[in-house]
Amino acid sequence: MLTALILICSATAIPDIRDCTSDNAATVMRVPLRFRSSATCFTYGRAYVDEIKLGRRLGSDDRVKVICARTETVADSVPVLAAE
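Here goes a summary of the coordinates provided. From a predicted model like this one, the values you see are computed outputs, not experimental measurements. (Residues numbered from 1 in each chain as written. Predicted model: local features only at pLDDT ≥ 70, side-chain atom pairs only at ≥ 80, totals over all residues. Heavy atoms only, no water.)

Some points on the packing of aromatic side chains
Alright, step 1. Under the definition given, this model contains two aromatic pairs.
Alright, step 2. Considering the side-chain rings of phenylalanine 35 and tyrosine 44, the 5.6 Å spacing of their centres and the 45° angle between planes classify their relative orientation as tilted.
Alright, step 3. When its relative accessible area of 34% is taken as the criterion, tyrosine 44 is described as partly exposed.
Alright, step 4. Measuring from ring centre to ring centre gives 6.1 Å for tyrosine 44 and tyrosine 48, while their planes differ by 35°; the resulting arrangement is tilted. Of this pair, tyrosine 44 and tyrosine 48 both sit in helix α1 (residues 38-51), separated by four residues, roughly a single helical turn.
Alright, step 5. Within the aromatic cluster, the residues linked to one another by ring pairs are Phe35, Tyr44 and Tyr48. (Phe/Tyr/Trp six-rings, centres within 6.5 Å; stacked < 30°, edge-to-face > 60°. Buried < 20%, exposed > 50% of the residue type's maximum accessible area, 1.4 Å probe, protein only. Helix = DSSP H or I, 4+ residues; strand = E, 2+ residues; numbered from the N terminus.)

A word on the nonpolar core
Alright, step 1. One finds Ala4, Ile6, Val31, Val49 and Leu81 to be the most contacted residues of the largest nonpolar core, which totals 13 residues.
Alright, step 2. The set of elements that each furnish at least two residues to this core consists of β1 (2-10), β2 (27-35), α1 and β3 (62-70).
Alright, step 3. Top element by residues in this core is β1. It accounts for four residues.
Alright, step 4. Core analysis: the next-biggest nonpolar cluster, separate from the first, contains 10 residues, Leu5, Cys9, Ile14 and Val74 among them. (Core = buried A, V, L, I, M, F, W, Y, C linked by side-chain atoms within 4.5 Å.)

Notes on the sheet that holds β1
Alright, step 1. With respect to topology, three strands assemble into an open sheet ordered β2-β1-β3, the strand pairing being antiparallel. What marks the edges here is a single partner per strand, and that holds for β2 and β3. Taking each pair of neighbouring strands and ignoring which way they run, the sheet shows an average axis angle of 20°.
Alright, step 2. Judged from the six bridges that link them, β1 and β2 form a sheet pairing that is antiparallel. Looking at the pairing, isoleucine 6 lines up with methionine 29 of β2.
Alright, step 3. Along the sheet face, α1 touches β1, β2 and β3 and points at about 145° away from the line of β3. (Pairing = 2+ DSSP bridges. Axes fitted to C-alpha atoms, helices over the stretch in contact; angles between N-to-C directions. Contact = heavy atoms within 4.5 Å.)

That's the geometry; what it means functionally is another story.
Given below as C-alpha cells:
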C-alpha cells in the first residue's frame with residue numbers, strides 16, 4: 001500500500017522543487033488514505049490538497065509537492081492532513 005505525502009518547501013531554500021524531500025521540507029503531512037497504485041496515490045493526493053484549499057495558508061515562497069511512499073515506511077509521527 002502507498003501513502004500520499006504532502007511536502008511544503010520554500011522556493012528560497014530549495015529553488016528546484018525536484019530537490020524537495022521529506023527530509024528538507026518545511027512541512028510534511030500525510031493524506032489519511034492508502035492507495036494500491038502510484039497513479040491513484042499521486043492523483044488523489046493532489047486532489048486532496050486542492051479540495052481542502054491548503055493554498056490559502058501558503059506563503060508566496062512556498063511550493064507544494066506530492067510524493068507517494070510505501071505505507072510501512074511512513075512514520076506515525078507524520079501528521080495527517082485534515083479537511084477543514
